[in-house]
Amino acid sequence: MKKGDKILMVLVLGWIAVLVLLPLSGIVREVWSNGLSSLAELLRQPTALRAFMLTFWLTLGSVAVNTIFGTMLSFILVRHSFRGKIFLEGIIDLPFAVSPVIAGFMFIILFGPRGWIGSWFDAQNIKIIYAFPGMLLATLFVTFPFVVREVVPVLREYGIDQEEAAMTLGASRWQTFWKVTLPSIKWGMIYGITLTIARAIGEFGAVIVVSGGIINKTQTATLLIHHKFMDFDFTGACAAAMVLAAVSFIILIAMQYIFSKRKV
Amino acid sequence: MKKGDKILMVLVLGWIAVLVLLPLSGIVREVWSNGLSSLAELLRQPTALRAFMLTFWLTLGSVAVNTIFGTMLSFILVRHSFRGKIFLEGIIDLPFAVSPVIAGFMFIILFGPRGWIGSWFDAQNIKIIYAFPGMLLATLFVTFPFVVREVVPVLREYGIDQEEAAMTLGASRWQTFWKVTLPSIKWGMIYGITLTIARAIGEFGAVIVVSGGIINKTQTATLLIHHKFMDFDFTGACAAAMVLAAVSFIILIAMQYIFSKRKV
Amino acid sequence: MGISIQNVSKRFGDFIAVDGVSFEVQTGELVALLGPSGCGKSTLLRVIAGLETPDAGAVIFNGVNMNAMSARQRRVGFVFQHYALFKHMTAEQNIAFALNVQKRGKKEIAERVGHLIDLVKMRGYAGHYPSQLSGGQRQRVALARALAAEPAMLLLDEPFSALDLKVRESLVGWLRNMHDKLNVTSIFVTHDQNEAMEISDKIIVINKGRVEQIGAARDVYEEPSNKFVASFIGNINIIDAHLEGEAIFVHGTQAKLHRPAGYDAPSGDIVLLVRPEDIGLQHVAEGPHAIPAVVTGIRYKGSVTEVDLQLTDFSLTALEFSKYIWTVGEKVFVNFKKYNVFAVGDSHHAIRRQLEQLGYIE
Amino acid sequence: MGISIQNVSKRFGDFIAVDGVSFEVQTGELVALLGPSGCGKSTLLRVIAGLETPDAGAVIFNGVNMNAMSARQRRVGFVFQHYALFKHMTAEQNIAFALNVQKRGKKEIAERVGHLIDLVKMRGYAGHYPSQLSGGQRQRVALARALAAEPAMLLLDEPFSALDLKVRESLVGWLRNMHDKLNVTSIFVTHDQNEAMEISDKIIVINKGRVEQIGAARDVYEEPSNKFVASFIGNINIIDAHLEGEAIFVHGTQAKLHRPAGYDAPSGDIVLLVRPEDIGLQHVAEGPHAIPAVVTGIRYKGSVTEVDLQLTDFSLTALEFSKYIWTVGEKVFVNFKKYNVFAVGDSHHAIRRQLEQLGYIE
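Predicted, not measured: the structure shown is a model, and the values here were computed from it.

## Quick word on a nonpolar patch on the surface
Residues and elements named next belong to chain A.
Part 1: Where nonpolar side chains cluster on the molecular surface, the patch consists of M53, F56, W57, L60 and F132 and spans about 490 Å² of accessible area.
Part 2: The dominant element in the nonpolar patch, judged by the number of residues it contributes, is helix 3 (residues 46–79), at 4 residues.
Part 3: Examined against the element boundaries, F56 turns out to sit in helix 3.

Here it is in structure tokens:
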């Protein structure tokens, strides 16, 4: 490496260290200094366990819905051309442009008890806002683009040669999809799913607005952390943050590892 | 289009409508129903203007720092191989895996008055947390991956042929960078910058934790919206949300438009 | 299986890819669809396979109209230009795909796949993924995969165009041998006239979506039905001349040639098309009609030598099989041992222009 | 500009790309570096250009050692295999790049660019972006760009390998003409022996990072210095035989040939290398050493015809220039008009194995 490259490298590493590595090590250190007892204690609180379970279900729901519809949308965008396609492509990134808080308010305005659609549901005694359905909608909104954005380029590069080959070899549409198409785009899907999981687990702004943060009912893990912090329960907040961050890290690192090992 | 494809199309459009289009239209409708007077009124409040200005400076700072360092990191990752490269690649996505709230707490733990590094700054009478520097750090953290993730694939596809050609034609390193490399990767950079802007404008979780939300001092536009909403000033909140969302939309749509028009 | 293509047309938007093409392929024949890039030959092959739907006309297999049949139902073997191997499957799994899809017995599949791997000489590479194979090996796997379900017909879309020269030459010979062994009706698309001539029983020359000529390699080379075929297949000298009764006067020379048998157009301006190997060179004039020329260039090509000649008004290229005879600057005498005659017309210029656009003529 | 390459080596990790290569190029020569894929020829060219640093040896231009000079300082014109045009610039802007970088006067730049555009026949395409040009046009723009700053040397890295056959043929002839006009010292890399033979003053045959032979096209084709060169350049028949004193006995036949002049190895097993065009075919035996054979295949190639022959123990391919003579199944007599002799050794098998791996021999 030349001298100029070395200076560049040091600068970049410094930037990464200050922004990412140091802060992360801070949390680990905090939990460590309190011993692992704070972790154990946290996991004995029913409120905390419920919060983690709620986050789990929200994440699962987001992954299921957005993976299926996101993959379908990717196929439509790559394989068909139709009027309004550019409009559809433009919409994919919109959730990135909308602040999570604003997203939360959008859903309250629309689905709240006095909202456009919400008033109808309210009349049927179905609660959307300050309840699970609203929180799921908000999480779906913020995680909307990930699968589409990862699957579209993979699908575009992959082309249709292999599918045509499968067809001439006598495979049905269904066999072609499961045996040829899906294995070819699975890495894009997995990556999109991983990002969806990470975002769903960590979502705060949209959820705090939509949920109302009712303890034991609509409190997710991130809301729990915020709540504990506001109550000056630093140790508890750090322990919960550790758990949450660890889950996300493990998923992300596992995926990176699988990626580096894959053959195809 | 075949019948199966049509059903698929309808399903996907429904999903997009419920998740994205309807909620957005809700906000627009709300502001409209109050007349544009609420917008005018909002823009007359000095507090609101200060909040928008703060968001502007945070966004500008994030774009400047993360574009420069992100581009440098992309070059290091694509052009060099060295021990620890896989580790560095794994780190890029970490901010996606960390909840914004947790990110906020990380910076408080590290840079807070009683924190590891913060106590030293505190002794020098430099405030980081509950002040602009901490908010910038938090925004930098959450927008860290965008430029790198967009520039790396472009840079990889672009290769080094054109740079080698420029060198054999007598161009210096500097000339090669400005005249050949930069124009070739600029679309990746612009896209990364757009996403960085959108995220920086909309960030809520990390900023609310780090800022303390002091009115007229550390209140960003998203915090302002949240504050107004909590105070049941729905009209004001919607007007502010409209302004913020409109700015993000215009930037995103403008970029989509430029992309569709580019020749190369 | 015999194939009959009847008046097939296909357009994409405003572009007419295939324009009323008809031809027949007999059972067991190996036929080449030959033409320049973008002439519609690949589209035609895809129409036959059922991968594209024709706008008009019929594709008939053994007397049965296939128009309503999907690619899956037609059961043809198709070999793609860029292999289109399944990247997530090994060579063996690729070859077994068609049999697995048909849910054949495990033992039968293993036997048939083993047989095919031997046939394409890939023993030892069965467990390799496509990314671990060379281009030639990939195309052999693709061929084995296409043959696995014992299709009655094999369609190959520029199967060798992505390969290096020497690899291509060896695979072309190998494909011909394999065809002779299996005797499956085959159509292959190519833009390489050498490949087409070497391998096929019959060549169908296509240009701008239309059939220009159908015939054996020797027919299209020696009796081209028009100027396009003459220029596209092999090298050719185009010489301006004038036909008057039974005599042909070559412009800018004293040469007088005979009207060829079978050419019965009226007198007028014509062009002579002469193959480089049909130009005879002598040290001394043989007869009164030998044309004097000067050697301006010699290109040694191993088994043959190309000689560039400058005449008074135009230049020629001759192909010599004997070595060491000529030197640059030498004066020689030229005569035409064999030539084709075509009337001058707009189409002559149009074809020349088209070939220029394709970059074939400077 | 004269170039001298002295004992240059370059390795990448464990792979030795260039292994002690030395050669000279005279001012104004057009030289081909010819070898199979992965033989190190491109690396060598990049070392000459200064795009790679050699591990050992010296690159000398006109007597000046260039090792410490960067690519920028060497001022050679380099043409890349995949053009490497600047995609965001028009053809004109690409060509003007070197002049702009040198901050030449506007008028001078416009004049020089105009001249180059005419030279490469791209008038009318000056304002087109690379994506709007065909492969052949792109490579012509790349050539003009490389020539813009009037380099003393032109290096071309497989400049035509990404192009179609007919386009390639026309560009090869065009490049030769251009070289004759400009007379700039040129080295070009190719894996296509036809291209190398047709275009170059001198061929440097490279295999596994080493020089196998240096000579004019005729030398390397007719007097190959080893079996690799003989097999790689042109087609060849490899025949097992035995040398005893002055006589050569061809295995499995009654033929007795003479030891060639200049071959002074002791008696023992040898191989005969015979070019297809050096195999003579007769209807009746000429002399006692004509070998009987049966015609097993005929491949019509337009100007020439390849004839496959089966002898008692082995098969041969002959190249015939006269048409219509032979038919499949016919009995003929073979004699060898010209042959090269090499001792049998491990290297014979090693080279055969290498060519097999490359896919050249089935």
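## Here we look at the sheet that holds strand 2 (residues 15–25) of chain C
All names here are of chain C.
Part 1: Across the sheet, which stays open at both edges, the 4 strands sit in the order 2-1-4-5 with antiparallel pairing between neighbours. Since the sheet does not close on itself, it has two edges, and those belong to strand 2 and strand 5 (64–65), each with one partner.
Part 2: Set on the sheet, helix 1 (residues 41–49) makes contact with strand 1 (3–12), strand 2 and strand 4 (56–61); between it and strand 2 the angle comes to about 60°.

## Considering helix 1 (residues 41–49) of chain D
Residue and element names in this part refer to chain D.
Part 1: With respect to burial, helix 1 is a largely interior element, 8 of its 9 residues being buried.
Part 2: If you check which residues of helix 1 are buried, you get K41, T43, L44, L45, R46, V47, I48 and A49.
Part 3: Trailing helix 1 by a residue or two, G50 shows a phi angle of about 90°, which is positive.

## A look at the packing of helix 6 (residues 100–111) of chain B against helix 8 (residues 132–158) of chain B
All names here are of chain B.
Part 1: Contact geometry of helix 6 with helix 8 gives a least axis separation of 10 Å together with a crossing angle of 135°. Taken as axis vectors, helix 6 and helix 8 run oblique relative to one another. Where helix 6 crosses over helix 8, the two elements pack in a sense that is right-handed. Taking contact as the criterion, the partners of A103, M106, F107 and F111 in helix 6 are, on helix 8, L137, A138 and F141.
Part 2: Residue classes in the contact of helix 6 with helix 8 are distributed as 7 nonpolar, no polar and no charged.

## Some words on the nonpolar core
Part 1: Grouped together as the largest cluster of nonpolar side chains are 144 residues, with contacts concentrated most on A:L73 and B:L73.
Part 2: If we skip the residues at most four places from it in the chain, A:L73 touches A:L88, A:I92, A:F144, A:V148, B:V12, B:W15 and B:I16.

## Remarks on the domain arrangement of chain C
Residue and element names in this part refer to chain C.
Part 1: Segmenting chain C into domains produces domain 1 (3–222) and domain 2 (235–358).
Part 2: For domain 1 versus domain 2, the separation of C-alpha centres amounts to 38 Å.
Part 3: Between domain 1 and domain 2, the residue contacts involve 7 residues of the former and 6 residues of the latter.
Part 4: Carbon and sulfur atoms supply 36% of the area that domain 1 and domain 2 bury against each other, a total of about 540 Å² over both sides.
Part 5: In this structure, the connection of domain 1 to domain 2 is made through 0 salt bridges.

## Re the interface of chain B and chain A
Part 1: Opposite the 83 residues of chain B that make contact, chain A presents 83 residues.
Part 2: Of the roughly 7700 Å² buried where chain B meets chain A, counting both sides, 81% is carbon and sulfur surface.
Part 3: Viewed at the interface, chain A and chain B are joined by 2 salt bridges.
Part 4: The partner of B:E150 in a salt bridge is A:R149, and the shortest N-O contact between them spans 2.9 Å.
Part 5: The tally of links from chain B across to chain A stands at 10 residue pairs in polar contact (both at pLDDT 80 or more).
Part 6: Broken down by element, the side of chain B that touches chain A gets its largest block of residues, 20 residues, from helix 1 (residues 3–33) of chain B.
Part 7: Here the residues of the side of chain B that touches chain A sort into 59 nonpolar, 13 polar and 11 charged.

## Re the environment of C:R176
Residues and elements named next belong to chain C.
Part 1: Following the sequence through the fold, R176 ends up in helix 6 (residues 165–182).
Part 2: In this structure, the C-alpha to C-alpha distance between R176 and S200, residues 24 residues apart in sequence, is 7.9 Å.
Part 3: Not counting residues within four places of it along the chain, the set of residues in contact with R176 comprises L30, I199, S200 and D201.
Part 4: For R176, the side chain forms a polar contact with the side chain of D201, separated by 3.2 Å.

## Brief notes about the pairing of strand 2 (residues 15–25) of chain D
Residue and element names in this part refer to chain D.
Part 1: Both strand 1 (residues 3–12) and strand 2 contribute to a ladder of 7 bridges, which runs antiparallel. When the bridges of strand 2 are listed, I5 appears paired with F23.
Part 2: Here strand 1 folds back onto strand 2, and the loop between the two strands holds 2 residues, one of which, G13, carries a positive phi near 60°.

## Section: the pattern of salt bridges
Part 1: The tally for this structure, following the rule as stated, stands at 44 salt bridges over all chains.
Part 2: One salt bridge in this structure joins C:R46 and C:E52, with 3.3 Å as the shortest N-O distance. Like C:R46, the residue C:E52 is buried in the burial classification.
Part 3: Where C:R104 meets C:E108, a salt bridge forms, and the shortest distance between an N and an O atom there is 2.8 Å.
Part 4: Judged by relative accessible area, C:R104 falls into the partly exposed class, the value being 24%.
Part 5: Residues joined by salt bridges that share partners form a network here, namely C:E198, D:R299, D:K301, D:E306 and D:D308.

## Re the environment of A:F132
All names here are of chain A.
Part 1: On the secondary structure map, F132 appears in helix 8 (residues 132–158).
Part 2: Along the primary structure F132 and V210 are separated by 78 residues, whereas in three dimensions their C-alpha atoms are 9.4 Å apart.
Part 3: Not counting chain neighbours up to four residues away, the residues in contact with F132 comprise L54, W57 and L58.

## A look at unusual backbone geometry
Part 1: The phi torsion at B:N125 lies on the positive side, around 65°, for a residue other than glycine.
Part 2: Looking at where B:N125 falls in the secondary structure, it is placed in the loop between helix 7 (118–123) and helix 8.
Part 3: With a relative accessible area of 74%, B:N125 lands in the exposed category.
Part 4: Notably, C:A84 is not glycine yet its phi reads approximately 50°, a positive angle.
Part 5: Looking at the secondary structure, you find C:A84 in the loop between strand 6 (77–79) and helix 3 (91–101).
Part 6: For C:A84, a relative accessible area of 5% corresponds to the buried category.

## A closer look at the arrangement of the chains
Part 1: The pair of protein chains exhibiting the most contacts, out of 4 pairs of chains in contact, is chains A and B.
Part 2: In this structure chain B stays clear of chain C, and the shortest span between their C-alpha atoms is 14 Å.
Part 3: Regarding chain A and chain D, which are not in contact, the minimum distance between any of their C-alpha atoms is 14 Å.

## What to know about the packing of helix 1 of chain B against helix 13 (residues 234–261) of chain B
All names here are of chain B.
Part 1: Running from N to C, helix 1 and helix 13 point in directions that differ by 130°, and their axes come no closer than 9 Å. Relative to helix 13, the element helix 1 lies oblique. Here the hand of the crossing between helix 1 and helix 13 comes out left-handed. Contacts between helix 1 and helix 13 involve L24, I27, V28, E30 and V31 on the former and, on the latter, C238, A239, A241, M242 and F249.
Part 2: When its residues are assigned to classes, the contact of helix 1 with helix 13 shows 9 nonpolar, no polar and 1 charged.

## A closer look at the domain arrangement of chain A
Residue and element names in this part refer to chain A.
Part 1: Along its sequence, chain A is carved into domain 1 (1–33) and domain 2 (37–263).
Part 2: The gap between the C-alpha centroids of domain 1 and domain 2 is 29 Å.
Part 3: Taken together, the 5 residues of domain 1 in the interface contact 7 residues of domain 2.
Part 4: For the pair domain 1 and domain 2, the summed buried area comes to about 510 Å², and 89% of that belongs to carbon and sulfur atoms.
Part 5: Of all residues in domain 1, I27, E30 and V31 bury the most surface against domain 2, accounting for 75% of the area lost on that side.
Part 6: Connecting domain 1 to domain 2 are 0 salt bridges.
Part 7: At the surface where domain 1 touches domain 2, the tally comes to 0 residue pairs in polar contact (both at pLDDT 80 or more).

Cut-off values and rules
- Here the residue numbering is sequential within each chain, running from 1 through the sequence in written order.
- Note on labels: chains are lettered from A, ligands numbered from 1, in written order.
- Whole-chain, interface and lining totals are the exception, using all residues; otherwise, since this is a predicted model, local features are given only for residues with pLDDT of at least 70 and side-chain atom pairs are given and counted only at 80 or more.
- Calculation of side-chain values draws on the structure's entire complement of heavy atoms; hydrogens and water are dropped beforehand.
- Patch membership needs two things, relative accessible area over 30% and no salt bridge, and members are linked within 9 Å if like-charged or within 5 Å if nonpolar (Val, Leu, Ile, Met, Phe, Trp, Tyr).
- Only the protein chains shown count as cover for residues, and all accessible areas are computed by the Shrake-Rupley method using a 1.4 Å probe.
- By definition here, a salt bridge exists when the distance from a side-chain nitrogen of Lys or Arg to a carboxyl oxygen of Asp or Glu is within 4 Å.
- Each helix is a run of DSSP H or I of at least 4 residues and each strand a run of E of at least 2, with the numbering of both proceeding from the N terminus.
- Two strands are counted as paired when DSSP detects at least two bridges linking them.
- Contacts: residue pairs with any heavy atoms within 4.5 Å of one another.
- Geometry is summarised by axes, namely lines fitted to C-alpha atoms with helices restricted to the contacting stretch, and by angles between N-to-C directions that run from 0 to 180 degrees.
- The cut-offs for exposure are 20% and 50% of the maximum accessible area for each residue type, with area from a 1.4 Å probe on protein chains only; residues under the lower value are buried, those over the upper are exposed, and the others partly exposed.
- These descriptions rest on fixed angle ranges, namely under 35 degrees for roughly parallel, over 145 for roughly antiparallel, 65 to 115 for roughly perpendicular, and the rest for oblique.
- By convention the crossing between two helices is left-handed if the near helix lies anticlockwise of the far one by an angle smaller than a right angle, and right-handed if it lies clockwise.
- The residue classification treats Ala, Val, Leu, Ile, Met, Phe, Trp, Tyr, Cys and Pro as nonpolar and Asp, Glu, Lys and Arg as charged. All others, Gly included, are polar.
- Residue types Ala, Val, Leu, Ile, Met, Phe, Trp, Tyr and Cys, when buried and joined through side-chain atoms within 4.5 Å, form a set referred to as a nonpolar core.
- Boundary definitions for the domains trace back to an automatic or database domain assignment.
- Defined in terms of a 1.4 Å probe, buried area is the accessible area two parts forfeit on being brought together, summed over both.
- Two N or O atoms form a polar contact when they lie within 3.5 Å of each other; inside protein one atom must be a possible hydrogen donor and the other a possible acceptor, and for residues adjacent in sequence the pair counts only when both atoms belong to side chains.

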